[in-house]
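Coordinate inspection notes
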Amino acid sequence: MSQNTVLRPRADVELPGRLANSLITSQGAMLRTEDFLGWLAENRRAHAFRVDRIPFTELDKWSFQPGTGNLVHDSGRFFTVEGLHVATEVGPRTEWYQPIIKQAEVGILGILVKEIGGVLHCLMQAKMEPGNPNLLQLSPTVQATRSNYTRVHEGSPVRYLDYFLQPGRGRVLADVLQSEHGAWFDRKNNRNMIVEVDDDIEPHDDFCWLTLGQIGELLHRDNVVNMDARTVLACAPIGALDPERARDPFAAALRRSRHGGALHSDVELLSWFTAERARQNVRAERVPLAGLPGWVKGTHSIDRPDGRFFRVVALSVQAGSREVSRWTQPLIEPRGLGIVAFVTRRFDGVLHVLMRARAEAGFQDKLELGPTVQCVPGNHDELPAEERPAFLDLVLSADPSVVRYEAVHSEEGGRFLNAESRYMVLEPGEDQVPLDPPPGYFWVTVGQLTSLVCHSNYVNVQARSLLACLNGMLARAQ
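Along each chain, residues carry numbers from 1 onward, in the same order as the chain's sequence is written. It should be noted that, the model being predicted, local features are given only for residues of pLDDT at least 70 and side-chain atom pairs only at 80 or more, the latter also being counted only at that level, while totals for whole chains, interfaces and linings use all residues. Computation of side-chain values covers all heavy atoms of the structure but excludes hydrogens and water.

1. Side note on the pattern of salt bridges
Salt bridges, as used here, are contacts in which a Lys or Arg side-chain nitrogen is within 4 Å of a carboxyl oxygen on Asp or Glu. Per the stated rule, a full pass over the model turns up 30 salt bridges. For Glu196, the salt bridge identified is with Arg18, shortest N-O distance 2.6 Å. Of this pair, Glu196 sits in strand E12 (residues 189–196) while Arg18 sits in helix H1 (residues 15–23), placing them 178 residues apart in sequence. The partner of Glu180 in a salt bridge is Lys188, and the shortest N-O contact between them spans 3.9 Å. Of the two residues, Glu180 and Lys188, neither departs from the other in class, the shared state being buried. Connected through shared salt-bridge partners, Asp12, Arg18, Glu115, Arg171 and Glu196 make up one network. In this description a helix means any DSSP run of H or I spanning at least four residues, a strand means any run of E spanning at least two, and both kinds are numbered starting from the N terminus. The classification of residues rests on relative accessible area computed with a 1.4 Å probe and restricted to protein chains. Under 20% of the type maximum is buried, over 50% is exposed, and intermediate values are partly exposed.

Right, dumping it as structure tokens:
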């Protein structure tokens, strides 16, 4: 070995504790939590925002490709809307066709963090997305596709981008490729990053410094923290918190779930999940959008005749705070409010989450771990009980006394219009949730989930969002 070689620890043993300290810090050094909504409203007033539905013929630089009928951008970049043929051997529907977004680029979702007053703060952005029901939400420092940050749109540069692209500008705390919505995207991944800086950064007017505890508090409000921020926050390796200092038994069980024992070992969890991937066979093939079976193209939308699941629409957008102030684009619009829920149970004082090995047509590796329940209930109203998603009726009929968390959050507002889901964490009675769950389900601790999120294509975006919400619950549990 060379005399100049210096070995370093494989992990920063102080980082989890620093993140945990930020999580239990409910007031930031730069902006008080009670002043945040006023700051967000001021940003909304400071810019002109407008979103209008338009016919496909009014899309600028977008067109239906001759032959395939795929909806494409003139530059060949950004994304395309194509058809998908899906066949599976699991579930009540074994074959279907649907539109799908193909976006081959890997985007960057990055949060800058800096120690201010001895506490880590996150640089967050008030970002307008045309699909958000309230347009402006809290997003990561950087939220950009490759087409955006290479300025294919000929717009303004993305602020703070160099910290995530240039090695040495900061210290990387987390960096992992994560999937997006597998039901609407075909093999889409984003680079989820957290980078610590020492530089004195004066935030632009649309940015603010917040602790993890402040963001955790905001996660209890409807449509404030966007999906891109939630998935990055889920990747933070937050350290242990003392269960003896928790404010109630559920909070104590949640704290033990991060670093306590588990019903199943990590090897057993991975073995079960690998077996599920081998068992559940999903075949997805991209096909032309033109003439897609079961879908009808109109002047303003591409729909199913029965009005279920989703439709493809077109929008005209005006946003004074974005890199480009005006543009048009297609989006996917789901038909109804979704339900995304973790059903939980305590084992020996340690909270466990009932996870589902969930197959989605757009996943790169067939299936990922998803929430106990993830669906739009209205799509299943007419199905017999045995074909409805497991545990859906349990969640829909739950007594308020067993609901530990509930908030409505938007999905990705850059590609999906009015895509909202009610995110929930429930703790029903032990007689309602079995120790031995049905096939495809497995009891997992929050600590095991956090470990899996360090790796690609294990935990889906809805489950990562709920993991961020669980961490947000810890912020209140002191």
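2. Quick word on unusual backbone geometry
Although it is not a glycine, Tyr160 adopts a positive phi angle of roughly 65°. With respect to the helices and strands, the residue Tyr160 is situated in the loop between helix H3 (146–149) and helix H4 (162–165). For Asp348, which is not a glycine, the phi torsion comes out positive at approximately 55°. Position of Asp348 among the secondary structure elements: in the loop between strand E19 (338–347) and strand E20 (350–359).

3. Some words on the state of the cysteines
Covalent bonding between the sulfur atoms of two cysteines is what defines a disulfide. For this text, the term disulfide refers to a pair of cysteine sulfurs within 2.5 Å. Counted according to the given criterion, the structure contains 0 disulfides. Sulfur of Cys469: no disulfide; nearest cysteine sulfur belongs to Cys235 and is 14 Å away. Given a relative accessible area of 0%, Cys469 falls into the buried group.

4. Details of the packing of aromatic side chains
To pair, rings of Phe, Tyr and Trp, with the six-membered ring standing in for Trp, must have centres within 6.5 Å; the planes then decide the type, stacked if under 30 degrees apart, edge-to-face if over 60, and tilted in the middle. Under the defined criterion, the tally for this structure stands at 12 aromatic pairs. Where Phe56 meets Phe64, the ring centres are 5.2 Å apart and the plane angle is 85°; that geometry is what we call edge-to-face. Judged by its relative accessible area of 7%, Phe56 is buried. Arranged with centres 5.1 Å apart and planes meeting at 40°, the rings of Trp295 and Phe310 form a pair that is tilted. You can see Trp295 sitting in the loop between strand E14 (282–287) and strand E15 (296–297) and its partner Phe310 sitting in strand E17 (residues 310–319), a full 15 residues away along the chain. Here Phe310 falls in the buried class, since its relative accessible area comes to 5%. Chaining the aromatic ring pairs together yields one cluster made of Trp272, Phe273, Phe442 and Tyr458. Residue placement shows Arg230 over the ring face of Tyr423; its charged tip is 5.4 Å from the ring centre. Each ring is checked for a lysine NZ or an arginine CZ that lies within 6 Å of its centre and within 35 degrees of its normal; such an atom marks a charge sitting over the ring. Between the NZ or CZ atom of Lys297 and the centre of the ring of Phe64, over which it lies, the distance is 3.5 Å.

5. Looking at the environment of Gly362
Along the polypeptide, Gly362 turns up in the loop between E20 and strand E21 (367–370). On the basis of relative accessible area, Gly362 is assigned to the buried category, the value being 4%. The spatial distance from the C-alpha of Gly362 to the C-alpha of Val172 is 29 Å, given a sequence separation of 190 residues. The residues touching Gly362, leaving out its near neighbours within four places in the chain, are Gly182, Phe185, Asp186 and Arg187. In what follows, residue pairs with any heavy atoms lying within 4.5 Å of each other are defined as contacts.

6. Concerning the environment of Ala359
For Ala359, the position within the fold is in strand E20. Judged by relative accessible area, which is 30%, Ala359 ranks as partly exposed. Separated by 11 residues in the primary sequence, Ala359 and Gly370 have C-alpha atoms spaced 8.9 Å apart. Apart from residues lying up to four places away in sequence, Ala359 is in contact with Gln280, Val282, Lys366 and Leu367.

7. Some points on the packing of helix H7 (residues 249–259) against helix H10 (residues 446–453)
At a minimum axis separation of 5 Å, H7 and H10 run at an interaxial angle of 45°. Classed by the angle they form, the pair H7 and H10 counts as oblique. As for the relative orientation of H7 and H10, their crossing is right-handed in sense. Contact residues: H7 offers Leu254, Ser257 and Arg258, while H10 offers Val446, Gly447 and Thr450. Axes, fitted as lines to C-alpha atoms, cover a helix only where it is in contact. Angles between the N-to-C directions of the axes lie from 0 to 180 degrees. When an angle is under 35 degrees it counts as roughly parallel; over 145 it counts as roughly antiparallel; between 65 and 115 it counts as roughly perpendicular; any other value is oblique. Left-handed describes a crossing in which the near helix is turned anticlockwise from the far one by less than a right angle; the clockwise case is right-handed.

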